[in-house]
Amino acid sequence: MPVNVLVGLEALKSGFGRSDAELYEQFLYNLQVRYAPGYSRPGEGEFELRTLYHFRQRLSRYRLTHGVNLPEQAFEAITDRQRVALPGDERTKSLCRALRALHYGCGYNALTSGDSGR
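Cut-offs applied
Positions within a chain are numbered from 1, following the residues in the order the chain's sequence is written. Predicted model: local features are reported for residues with pLDDT of at least 70 only, side-chain atom pairs are reported and counted for 80 or more only, and whole-chain, interface and lining totals are derived from all residues. Side-chain metrics in this entry use all non-hydrogen atoms of the structure; hydrogen atoms and water are not considered. In this text, buried Ala, Val, Leu, Ile, Met, Phe, Trp, Tyr and Cys residues form a nonpolar core when linked through side-chain atoms within 4.5 Å. Using a 1.4 Å probe on the protein chains alone, a residue whose accessible area is under 20% of its type maximum counts as buried, one over 50% counts as exposed, and one in between counts as partly exposed. Strands are runs of DSSP state E lasting at least two residues, helices are runs of H or I lasting at least four, and both sets are numbered from the N terminus onward. Throughout, a contact is declared for two residues whenever any of their heavy atoms are within 4.5 Å. Take the residue count of a helix, subtract one, and multiply by 1.5 Å to get its expected span. The salt bridge definition used is simple: a Lys or Arg side-chain nitrogen within 4 Å of an Asp or Glu carboxyl oxygen. Think of it this way: a Phe, Tyr or Trp ring, Trp meaning its six-membered ring, pairs with another when their centres are within 6.5 Å, and the plane angle makes it stacked under 30 degrees, edge-to-face over 60, tilted otherwise. In this scheme, Lys NZ or Arg CZ marks a charge over a ring once it lies within 6 Å of the ring centre and within 35 degrees of the ring normal.

Draft legend 1. Just the nonpolar core, in detail. Within the largest apolar cluster, 14 residues are counted, with the highest numbers of intra-cluster contacts made by Leu-9, Phe-27, Phe-47, Leu-52 and Phe-55. Counting residues per element, the ones that place at least two in this core are helix 1 (3-16), helix 2 (20-29) and helix 4 (50-66). Setting aside its immediate chain neighbours within four residues, Phe-55 contacts Val-3, Leu-6, Val-7 and Glu-10.

Here's what the structure looks like:
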């Protein structure tokens, strides 16, 4: 599973307040959720639920080892590009603030072995 897809799924999870299990089910059966990270056909890009747990655990380890919050950097880069693209648009500014806030609730500050909840 590509890292950009996993980061996108984490953003969707946080943005919609879903658990890992709910996000996973939506990814499997909801074409709109599949389309968001770039998959247009059923069966394409499927993964195991534990992939989300392992990804989050690796991000936490990296942060503890290197002192770098990779999801925070990714969200900042996304929101900075959006701000440059549409600097005067209020909806874009609102989206940028929401995306920046997402990483605070994603559970990357400590190692987790399972679902971090909603």
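Draft legend 2. Seen up close, helix 1. When the terminal C-alpha atoms of helix 1 are compared, their 20 Å separation across 14 residues agrees well with the 20 Å that a helix rising 1.5 Å per residue should span. Those residues of helix 1 that sit buried are Val-5, Leu-6, Val-7, Leu-9, Glu-10, Ala-11 and Lys-13. A positive backbone phi angle near 65 degrees is found at Gly-17, which sits one or two residues after helix 1.

Draft legend 3. Molecular detail of the pattern of salt bridges. One pass over the full model with this rule turns up 4 salt bridges. Among the salt bridges present, the one from Arg-56 reaches Glu-10, with a minimum N-O distance of 2.9 Å. One end of the pair, Arg-56, is in helix 4; the other, Glu-10, is in helix 1, with 46 residues separating them in the sequence. In this structure, the salt-bridge partner of Arg-56 is Asp-20, at a minimum N-O distance of 2.7 Å. Pair noted here: Arg-56 is in helix 4 and Asp-20 is in helix 2, with a separation of 36 residues, a long-range link.

Draft legend 4. Just the packing of aromatic side chains, in detail. Tallied over the entire structure, the rule returns 3 aromatic pairs. Centre to centre, the rings of Phe-27 and Phe-47 are 5.1 Å apart; their planes meet at 55 degrees, and the pair counts as tilted. With Phe-27 in helix 2 and Phe-47 in the loop between helix 3 (31-35) and helix 4, this pair connects stretches of sequence that are 20 residues apart. Pair check on accessibility: Phe-27 and Phe-47 agree, each one buried. In this structure, Arg-34 is placed above the aromatic ring of Phe-27, and the distance from its NZ or CZ to the ring centre is 4.6 Å.

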